[in-house]
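# Architecture at a glance
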Amino acid sequence: MNWLFQANWLADEKPYRRQQVIEGVFKNLITDWGQATNLPLALRQYLELECSLEIDAITSISKDKTSEKALIKYADGLCAETVLMRHKTGRLTVCVSSQIGCPLGCSFCATGKLGLQRNLTAGEILMQVLYWARLVKQEDDRLNNLVFMGMGEPLLNYDEVWSAIRWINSDEGLGIGARHISISTAGIVPGIRRLAAENYQVNLAISLHASNNRLRTKLMPINKRYNIEQVLIAVDNYIVKTGRQVMFEYLLLSGINDSPNHARELAKLLNKSLYIVNLLPYNPTGVYRASKKEEQNEFRRILSEAGIKVTVRNSLGGDIDAACGQLATQTTNSLPIR
Ligand code: SAH
Ligand code: SF4
């Protein structure tokens, strides 16, 4: 299945067919070409062969129904996970994967344990989004936000991720505003630089998780390659170029990075007006323990008092392993299902 629109499919067709094909896929969210009744039968049959619109998925839903996970199976039998989160406000956020597995091996992350199996193509990333777009269309709803916080490191698959973003964002595609699209990265400096040069309004989030290099290297081996200072220089360049606020994600791990001293060290490090800290509760992956509520509150208080903007993420989807970093914790994860 090759999902991305290929100009050569329509080489012998009238120019307006391109628009009709794109409209069918992204606006009418058709699930097979037979539904594109504005196209000639022969073209529908041809497209059905070239690019089936079927999406093969196994889904599960959390007990409180706030999140749904889909394991999307690709042509080679490998799978990636994507999550739909339903917020109390009624807004719908989709979390997508950019790779199958991840090469960066962060010690707290389930995906990291898999290693990298392969990159996803832009079309395969779009399949995750279209899967949910079709589902919520049946409820007369549409997707509001999209985050690259599923499996994989998006900035290590830059071209495909970017090409998917263009379709997700563009008016002829899904039309989700750039300000509603977020990329989370473990701090791939060349990727952050490229993103800054796009001059695009997508949100950038940095997985920091530590207040000094020694600790960060223990938790995130990529810190040996791009340390905190190098990441912050790239972030500042991004802010200069885009004028956007940047979010730093900080996972609270009991007894590891959640002491008042860590909070003070972090406050010093991140004391800039366009920085914002998002504290994440740890979703168990078998290695660490989550910080207790009191430690979390104290950590937050120290940051706030130091003048840092800080929010706490409420984690959806814990009971279906759909929470951040838990993707791929089941045996179905990214193993070929045949
Ligand atoms: N590779 C990118 C994007 C995917 S991970 C990145 O690391 O930023 C999305 C977010 O989930 C990251 O902030 C990541 O650090 C966080 N995460 C990983 N494991 C987690 C866990 N066990 N509990 C909570 N968050 C986790
Ligand atoms: Fe990869 Fe992100 Fe998980 Fe680290 S946290 S292993 S970068 S997916």
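Cut-offs and rules
Residues numbered from 1 in each chain as written. Chains lettered and ligands numbered in written order. Predicted model: local features only at pLDDT ≥ 70, side-chain atom pairs only at ≥ 80, totals over all residues. Heavy atoms only, no water. pLDDT = per-residue confidence, 0-100. Contact = heavy atoms within 4.5 Å. Core = buried A, V, L, I, M, F, W, Y, C linked by side-chain atoms within 4.5 Å. Buried < 20%, exposed > 50% of the residue type's maximum accessible area, 1.4 Å probe, protein only. Helix = DSSP H or I, 4+ residues; strand = E, 2+ residues; numbered from the N terminus. Domains from an automatic or database assignment. Near = heavy atom within 4 Å. Polar contact = N/O pair within 3.5 Å; in protein donor to acceptor, adjacent residues only side chain to side chain. Areas by Shrake-Rupley, 256 points an atom, 1.4 Å probe, with all protein chains shown as cover. Nonpolar A, V, L, I, M, F, W, Y, C, P; charged D, E, K, R; others polar.

### As for the confidence of the model for the chain
When pLDDT is averaged along the chain, the result is 91, and 91% of the positions lie at 70 or above. Under a pLDDT of 50 for its full length, residues 329-338 has, in the predicted model, 24 contacts with residues more than four places off or in other chains.

### A word on the nonpolar core
Counting 102 residues, the largest nonpolar core has W33, L143, F148, I165, F248, V277 and L303 as the members making the most contacts within it. Here this core gets 10 residues from one element, more than from any other, and that element is helix α4 (residues 122-137). In terms of domain composition, this core takes at least three residues from each of domain 1 (1-54) and domain 2 (56-320). Sequence-distant contacts of L143, that is, excluding residues within four places in its chain, are made with L84, L92, V94, V129, W132, A133, V136 and I176. Counting six residues, the second-largest nonpolar core is a separate cluster that includes V83, V147, M149 and A205.

### With respect to the site of ligand 1
By nearness alone, 21 residues border ligand 1, and G152, S184, S207, H209 and N283 come closest of all. With respect to ligand 1, the backbone of F108 contributes an N or O atom lying 3.0 Å from a nitrogen atom. Contact with the protein chains covers 96% of the free accessible surface of ligand 1, which is 530 Å². Where the shell around ligand 1 is concerned, the elements lending two or more residues are β8 (181-185), β10 (246-252) and β11 (275-281). Residue composition of the shell around ligand 1, by class: 10 nonpolar, nine polar and two charged.

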